[in-house]
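# Results of the structural survey
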There are 2 protein chains.
Amino acid sequence: MIPIRQNIANVPRPDSLVVGVDIGGTNTALGVIDGRGTLLRSTEFPTTSAEGPAKFVRTLANEIQMLLAAPPISGDVRSIGIACPAVNARKGVVENPANLGWGTVDIVKMLQEHYDRPVFLLNDGDAAVLGEVRFGVARGLSNVVLVTLGTGLGGGIVMDGELVRGTNGTGGEIGHIIVAPGGRQCACGRRGCVETYVSATGVCRTAAELMATHLLPSRLRAIPFVEVTALKMYDLARDGDELARLAFEVTGRHLGRLLANLAAIYDPEALVLYGGLVHAGPYLLDPTFQAFHENVLEHYKSSVRILVTRLNDGQASILGAGTHALQMLES
Amino acid sequence: MIPIRQNIANVPRPDSLVVGVDIGGTNTALGVIDGRGTLLRSTEFPTTSAEGPAKFVRTLANEIQMLLAAPPISGDVRSIGIACPAVNARKGVVENPANLGWGTVDIVKMLQEHYDRPVFLLNDGDAAVLGEVRFGVARGLSNVVLVTLGTGLGGGIVMDGELVRGTNGTGGEIGHIIVAPGGRQCACGRRGCVETYVSATGVCRTAAELMATHLLPSRLRAIPFVEVTALKMYDLARDGDELARLAFEVTGRHLGRLLANLAAIYDPEALVLYGGLVHAGPYLLDPTFQAFHENVLEHYKSSVRILVTRLNDGQASILGAGTHALQMLES
């Protein structure tokens, strides 16, 4: 069992090496990290979750071996940290990850059958906030709420320098705050969860809604819904497509309101935006900042900063998962 | 400065005596408590905040003296714990409490001018959750979210056995989650905060709204808005007034949705309902439980309990503030 509280001030030895893995709904990223948080080498492969967890873990073990095979990796890799959605940190297993379509998976045991090292599991949001607090934009801060804007919407919370994870280690499921009762259907089985509006899939759904409610011309109208991605929409927005821009604006306003609520709930020093959707840049972030400013409690207006990750996609999670694995060994 | 993290497992000596004070928008309650959490004696007086903080503190000091003057209080009172809205726990002052109409007040220093004992200040929601976890319905639990249903709506959060209070010690301002963008005006200056719907004042505002939208007959239609109170509405609901009942039902549905969101955010073992409004009983709580069940994430349905305080009004806050004061002395 993984202890729920993890002191992030506990700095690992600089010569320790560790593998950090970030299992995402689309891609899995992994890297070798030293104790200073330097990512010595990294790689990425498609998650292919539809083929089942056993096949996936075999591929992962193989990718780890290949990552470690070539120079200049010197020193022994002591452990592996895995960041994944839907981790039950108390049980140390992955439970029904909506974006992977698996049941309960003991990924630690499965990986150890291929690769005989200690393996530590961490929720992806927790790993990302750990990475950002240790090595990223939130370095040195003690009270941080991180929002992951990927296929879905997740979170990672550090309060007083420690991860806050709740009873089952599934805390911070901020994507499943219901913001629109009776609203959009969510993969969780309910309606109106904020992740159905604020996520890579949410922005695509918003585009479809806007096609219905507005008469704005758009190249999106010629693309089947199933082929619309946040990346395509970003390209269109840059090309001047007004409907694509409006979809990001609507999404940003939702996000800004969410951030204002998170400020009231957590009273953090900083809110960190993380994940693929932040690449939409000002199309998403300008309305986000504006809606945050309009909706945040007066006394947080000057005190709470919104920070945007500067690490590459998945990098904070790799760093966080790796750091976690090192700390678990040394604790 | 009060340290932000307070280990609630630290049990005070049973023979220690302390005064706990709960400053509410309407009444101030205070009591003498021993280290076992027994409330030896308590009293209450109107807060009369309009006369200013100096006058109020003089009255409070006087009430403390009277409380301690009569037998059977034996043993020395070692310190005073004060629970109050809008406490900035980092600075140890009260900052712009909306329901009291004061500015920044150094209540600790002011009280010590009248009464020379260590005084420790705590947010009212934090005091209540501390009281419930130590002596009330949440006794022995480590992950608890408490919702205070009074004039406004507040919260107190215990995660992994410790108070979670954020950067300024103002965390857990769950009353200021915006649930209806552009909705009801809030005393905080914004619109649509959940406390404008779920609170003693919220239920009265809902009754007024229902008078407009429904044709239901009701004795509420004969009472000026300014004279409607949650207590009056409760009496009417018991007498069969359908509009009063509907107002509690609407309020309960809002509350149930809030609790479902808090479960997703915090992953607690229990959500505790605390404060005057819980006296509305099934009129409020039946729709609350139903809306919670309809809106909570599937995997929290069985694991998260909703507990209703069994302590008298303000008692958990008195106990929590007192316990806090004892622990601060002994830490």
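Below or above, wherever it landed, is the structure these notes cover. (Residues numbered from 1 in each chain as written. Chains lettered and ligands numbered in written order. Predicted model: local features only at pLDDT ≥ 70, side-chain atom pairs only at ≥ 80, totals over all residues. Heavy atoms only, no water.)

### A short note on the sheet that holds strand β2 (residues 27-34) of chain A
Residue and element names in this part refer to chain A. In space, the five strands of this open sheet follow the order β3-β2-β1-β4-β8, with mixed pairing throughout. Both outer strands of the open sheet, β3 (39-46) and β8 (119-123), are each paired with one neighbouring strand and no more. Averaged over all neighbouring strand pairs, the angle between strand axes comes to 20°, with direction disregarded. In this structure, strand β1 (residues 17-23) lies alongside strand β4 (residues 77-84), joined through six bridges in parallel fashion. If you follow Val18 over to β4, its bridge partner there is Ser79. The sheet strands contacting helix α3 (residues 124-135) are β1, β4 and β8, and the helix crosses β8 at an angle near 95°. Packing against the sheet, helix α8 (residues 315-330) makes contact with β1, β2, β3, β4 and β8, and its axis sits at approximately 130° to β4. (Pairing = 2+ DSSP bridges. Helix = DSSP H or I, 4+ residues; strand = E, 2+ residues; numbered from the N terminus. Axes fitted to C-alpha atoms, helices over the stretch in contact; angles between N-to-C directions. Contact = heavy atoms within 4.5 Å.)

### A few points about the pairing of β1(A)
All names here are of chain A. Burial runs high along β1: seven of the seven residues are buried. As defined by bridge partners, β1 adjoins β2 across seven bridges and the pair is classed as antiparallel. Considered in β2, the bridge of Gly20 is made with Gly31. Counted along the chain from β1 to the antiparallel partner β2, the turn is three residues long. (Buried < 20%, exposed > 50% of the residue type's maximum accessible area, 1.4 Å probe, protein only.)

### Let's talk about the interface of chain B and chain A
As a measure of interface size, the accessible area lost when the parts come together is often cited. Across the boundary between the two partners, chain B contributes 36 residues, which contact 36 residues of chain A. Contact between chain B and chain A buries roughly 3,100 Å² in total, counting both sides, with carbon and sulfur atoms accounting for 47%. Where chain B meets chain A, there are zero salt bridges. Here chain B and chain A share twelve residue pairs in polar contact (both at pLDDT 80 or more) between them. Per element, the largest residue contribution to the side of chain B that touches chain A is five residues, and it comes from helix α6 (residues 242-266) of chain B. Of the residues contributing to the side of chain B that touches chain A, the split by class is 14 nonpolar, 13 polar and nine charged. (Buried area = accessible area lost by both parts, 1.4 Å probe. Salt bridge = Lys/Arg side-chain N within 4 Å of Asp/Glu carboxyl O. Polar contact = N/O pair within 3.5 Å; in protein donor to acceptor, adjacent residues only side chain to side chain. Nonpolar A, V, L, I, M, F, W, Y, C, P; charged D, E, K, R; others polar.)

### A short note on the packing of helix α4 (residues 200-213) of chain B against α6(B)
All names here are of chain B. Direction vectors running N to C along α4 and α6 enclose 120°, while the axes themselves pass 9 Å from each other. Here α4 is positioned oblique relative to α6, judged by the angle of their axes. Along this stretch, α4 crosses α6, giving a crossing that reads as right-handed. Facing α4, whose interface residues are Val203, Thr206, Ala207, Leu210 and Met211, α6 presents Leu243, Leu246, Ala247, Phe248, Val250 and Thr251. Looking at the contact of α4 with α6 residue by residue, the class counts come to nine nonpolar, two polar and no charged. (Parallel < 35°, antiparallel > 145°, perpendicular 65-115°, else oblique. Left-handed = near helix turned anticlockwise from the far one by under 90°.)

### Here's the deal with the environment of B:Met66
Within the fold, B:Met66 resides in helix α1 (residues 53-69). Between the C-alpha atom of B:Met66 and that of B:Thr43, which follows or precedes it by 23 residues, the distance is 9.6 Å.

### Quick word on the pattern of salt bridges
All names here are of chain B. Within this structure, the stated rule accounts for 16 salt bridges over all chains. Between Lys91 and Glu95 there is a salt bridge, with the nearest N and O atoms lying 3.0 Å from each other. We note a salt bridge from Glu209 to Arg184, for which the minimum N-O separation is 3.0 Å. Residue Glu209 is located in helix α4, and its partner Arg184 is located in the loop between β11 (162-163) and α4; the two are separated by 25 residues in the primary sequence. With relative accessibility at 44%, the residue Glu209 sits in the partly exposed group.

### Comments concerning the relation of the copies chain B and chain A
Of the two same-sequence chains, chain B is brought onto chain A (RMSD 0.0 Å, axial shift 0.0 Å) by a rotation of 180°. Such a turn and shift between the copies fits a two-fold axis. Relative to the rotation axis, the closest C-alpha in chain B is found at B:Val179, a distance of 3.4 Å. Comparing interface residues between copies, 100% of those in chain B also sit at the interface in chain A, which points to an isologous, same-surface contact. (Least-squares fit on C-alpha atoms with pLDDT ≥ 70 in both.)

### Topic: unusual backbone geometry
One non-glycine residue, A:Ala86, adopts positive backbone phi at about 60°. Among the secondary structure elements, A:Ala86 is positioned in the loop between β4 and β5 (87-88).

### A word on the state of the cysteines
Residue and element names in this part refer to chain B. What the rule picks out here adds up to zero disulfides over all chains. In this model Cys188 remains outside any disulfide bridge; the closest cysteine sulfur is found in Cys186, 3.7 Å from its own. When its relative accessible area of 23% is taken as the criterion, Cys188 is described as partly exposed. (Disulfide = S-S within 2.5 Å.)

### A closer look at the sheet that holds strand β1 (residues 17-23) of chain B
Residues and elements named next belong to chain B. In space, the five strands of this open sheet follow the order β3-β2-β1-β4-β8, with mixed pairing throughout. Either end of the sheet is taken by a strand with one partner, and the two such strands are β3 (39-46) and β8 (119-123). Pairwise comparison of adjacent strand axes, ignoring direction, gives a mean angle of 20° for this sheet. Pairing of strand β4 (residues 77-84) with β8, which is carried by five bridges, proceeds in the parallel orientation. Residue Ala83 lies in a different strand from β8, and its bridge partner there is Leu122. Seen against the sheet, helix α2 (residues 107-114) touches β1, β4 and β8 and runs at an angle of roughly 145° to β8.

### Things to note about the pairing of strand β10 (residues 153-159) of chain A
Residue and element names in this part refer to chain A. Most of β10 is tucked away, with seven of its seven residues classed as buried. Note: strand β9 (residues 144-149) against β10, six bridges, orientation antiparallel. Looking at the pairing, Leu149 lines up with Leu153 of β10. Between the end of β9 and the start of β10, which pair antiparallel, lie three residues. Bridge count for β10 against strand β11 (residues 162-163) is two bridges, and the pairing is antiparallel. Counted as the bridge partner of Val158 is Leu163 from β11. The turn linking β10 back onto β11 is made up of two residues, and Asp160 within it adopts a positive phi angle of 50°.

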